[in-house]
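Structure assessment
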Amino acid sequence: MGNFVDRFAATVILKKKIFIIFLACINIIALFGLLHLNINTDFSLFMPEDSAEYALYEKMNSDFSSGEQVIFLLDMGSGKVDYSKLNYLKDLEKKISGIEGVKNVSGPVPPFIPSGFGVKKLNEIEESDVKKILEFEEEMGNLGGLVVHEGKNYGMFTVILENTGRNEKLLKEITGIFEKSGMNFYASGDLYLQLKILDYVIRIVTIIPPLAMILMLLVFRWRVGTFKGTFLAIFPAGLGALWTMGFLGWTGNELSLTSVLVPVFTIVMGSADGLHFMSHYIDNRKRGMEKTVCMSDTLKKVGKPMVLTTVTTVMGFMSLTVVKSSAMQQMGVFASIGVTFAGIATWVFLPLLADGVKSFAKNKKNGETLKKDVLNEFLESIWGKKSVVFSIVLLIAFIPGIFLIRTDLNMLSMYKPETDIRKGIEKIQEATGGGLPLFITYKTDSDIFGEEYADRVMEFEKKLYSEGLITKFVSVYDIFSTFNKILYGNSEYPKNQVQLNLMYGMLSTQKNNPVSNFINRSENLGRILVFPRDLSGEILDEIQKISQDDSDGKINFAPVGIQYIMKGMNDSIIPEQVKSLLIAVIMVFLVLYISYRKLSVAFFSIVPICITLVSLFGVMGYAGITLSIITSTMASITIGVGIDYAIHYSSTYQLFKGEMSSGNASVKAFEYVSKPILANALGLATGMTSLVLSPLQIHNYMSILMWTTMIVSSVLSLTLLPTLYSRFEK
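Residues numbered from 1 in each chain as written. Predicted model: local features only at pLDDT ≥ 70, side-chain atom pairs only at ≥ 80, totals over all residues. Heavy atoms only, no water.

A look at the pattern of salt bridges
A full pass over the atoms with the stated rule returns eleven salt bridges. A salt bridge links D91 to K95, with the nearest nitrogen and oxygen atoms 3.7 Å apart. Of this pair, D91 and K95 both sit in helix α4 (residues 83-97), separated by four residues, roughly a single helical turn. Here D447 and R521 are joined by a salt bridge, their closest N and O atoms 3.4 Å apart. Remark: R521 occurs in the loop between β12 (519-520) and β13 (525-532) and D447 occurs in the loop between β10 (438-444) and α16 (451-466); sequence separation between them is 74 residues. (Salt bridge = Lys/Arg side-chain N within 4 Å of Asp/Glu carboxyl O. Helix = DSSP H or I, 4+ residues; strand = E, 2+ residues; numbered from the N terminus.)

Below, the structure is given as structure tokens:
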């Protein structure tokens, strides 16, 4: 490798202009690729490929010829609800129902009101109708669209979309109508959450990566001591992020909720090799080495570990491809591409850029040097038995935390409490008793309007409510019972078939037919709209259990919805995570063994990562951070990035071992790599701290976990590894 490095260093200097032109062309192509980049906010990307829950959800939408359901709550203030307000609400309903692709709109103004022995359709509202409308809405109770809460009046619109596949565009159009009203409004529903993600993803991709670079620049500058060297260390990672985004744009790939972090991961993790190169290059230049000799010597010492760390980081991310989720597979592939591009930029273009710097300022002997020396001395002081004891203490302290880990992720918990969408859903739940809904489908063995089935379904609803599992429910039988009370003064489900058929005919002829959303009479299928108390796995499990217990040959209940799809995904996390980790650890071990041809080096390098993984999962358990399909990526990142420190130390130790005794080689290797390792660990953790500005709660968790893994893996690589090599390697 020595001859290759010498030739490469000479070529970089001699062919500098060609390399610069080539770099400029790549960057221009990548910038144009950004213009073709699209964002996909569909939650189905998270779903397992063979999800039975998703298949049920799709079947339900097909059976009822419906798509997503969205709830809007319009704040009408504290004034009296009069003719002008009701007329305005009716006008909004007409505008929404007139949009192509909207199947049904249930608004605050009822479709008809009792009038004499019949009913009066409310296609247009008259002044004389106001009193009857308000009385009608009051009698409707939970089924009504006019809500009074804490002295304020709210109008609730429940919008059912057709299963057309263009729901996001529809929702933007509907939301635009409410925005033009000039009133405050709140929205809830799985589709609305997906729509808001688009705004959040754009914010994340435009703010977080630059901020991460700035934070890392400050930390690296503090540890390395020169701004020029620090900037050059990060620059190749920035190139890698740009090339990756450009590549995704040109190849027609899309950014999702997970892959939006690819540029952040590329910058944060791709800068590790650049920092190691610049740290050693600067030290050699300060010793008076000529540029070509300096570059050659630096690449001989760090070139091999730079390649290995890129490979192992890629392996850590690629292990995510075994998870049965398109979002995680994309994350693994895209992040691997980003790290690879960053590695190529570091190897090919960083020496070129470093050669263009005439000189580097010398570190002043100030507090900065003192901090660096104190930290190094502290780490050296716990070599030997202390490092072994420290490792054992970590294992003892964090292993119990692993058993506290919960696998739970729902669409609402992904957002921070202070986000508008979280506040909006909580406001709807507070005012109306229902936030994010799900459906419970049922199938009967004969006519679904039979009295026996009506009683069974309404008993089932009351059971869920009395158990505290749901806060609100609506079925076709509740609608008929309410209308029976309003029209005929009987609050029970109509036993008279003639009355039932009259009401059914009356409702089914309305443009916004509320019954069609709840039954498929030809197939004897029905569904109940329920609002869970919360979306935790415990609540969903109980609803599912009662649904199974109350099912028999005559009627069968089955809860269906995005929440159950995500629950199925959560339940599969642990076995998928174990498989992913085993693959990543085995692959990294094999790469290290093939590279160094020594079992001891491969084994010793893996030990700090295994302890770090225990610490990672222990912190998750103690901090209440749920293991989800997103936070589980941290384990793969830990393997891919944390192993970098062990590789750099092990490689340098092997290099010096041939020149001196084992003990001295341990000290020399420590002195050579401690500065860039500590700078990198602090820089990566600080860079990931930029995620606190993300509106997503899961990104906060990732920042906490990154601090844990970087500190533990770097400290163990600089304490336990020297101990293992100096005491046990023969």
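A closer look at the packing of helix α19 (residues 537-549) against helix α20 (residues 562-571)
Contact geometry of α19 with α20 gives a least axis separation of 11 Å together with a crossing angle of 110 degrees. It follows that α19 is roughly perpendicular to α20 by the angle criterion. Residue-level contacts link G537, L540, D541, I543 and Q544 of α19 to Q563, Y564 and K567 of α20. Considering only residue class, the contact of α19 with α20 consists of three nonpolar, three polar and two charged. (Axes fitted to C-alpha atoms, helices over the stretch in contact; angles between N-to-C directions. Parallel < 35°, antiparallel > 145°, perpendicular 65-115°, else oblique. Contact = heavy atoms within 4.5 Å. Nonpolar A, V, L, I, M, F, W, Y, C, P; charged D, E, K, R; others polar.)

Observations regarding α20
Of all ten residues making up α20, nine are buried, and the element is well covered by its neighbours. Buried within α20 we find I562, Q563, Y564, I565, M566, K567, G568, M569 and N570. (Buried < 20%, exposed > 50% of the residue type's maximum accessible area, 1.4 Å probe, protein only.)

Regarding the pairing of strand β6 (residues 146-149)
On a regular strand, each side chain points to the face opposite its neighbour's, so the side chains alternate between the two faces of the sheet. Pairing of β6 with strand β7 (residues 152-161), which is carried by four bridges, proceeds in the antiparallel orientation. Along β7, the bridge assignment pairs L146 with G155. Hairpin connection of β6 to β7: two residues between the antiparallel strands, including E150 at a positive phi of 50 degrees. (Pairing = 2+ DSSP bridges.)

Notes on the pairing of β13
Among the eight residues in β13, eight count as buried, and that is most of the element. Side chains of β13 alternate between two faces, with L525, R527, L529 and F531 and G526, I528, V530 and P532 buried alike. As judged from the six bridges shared by β10 and β13, these two strands associate in the antiparallel manner. Bridging across to β13, T441 finds its partner in R527. By the bridge criterion, four bridges tie strand β11 (residues 470-474) to β13 in an arrangement that is antiparallel. Each residue of the ladder has a partner; that of F473, found in β13, is V530. The sheet contact formed by β12 and β13 spans two bridges and is antiparallel.

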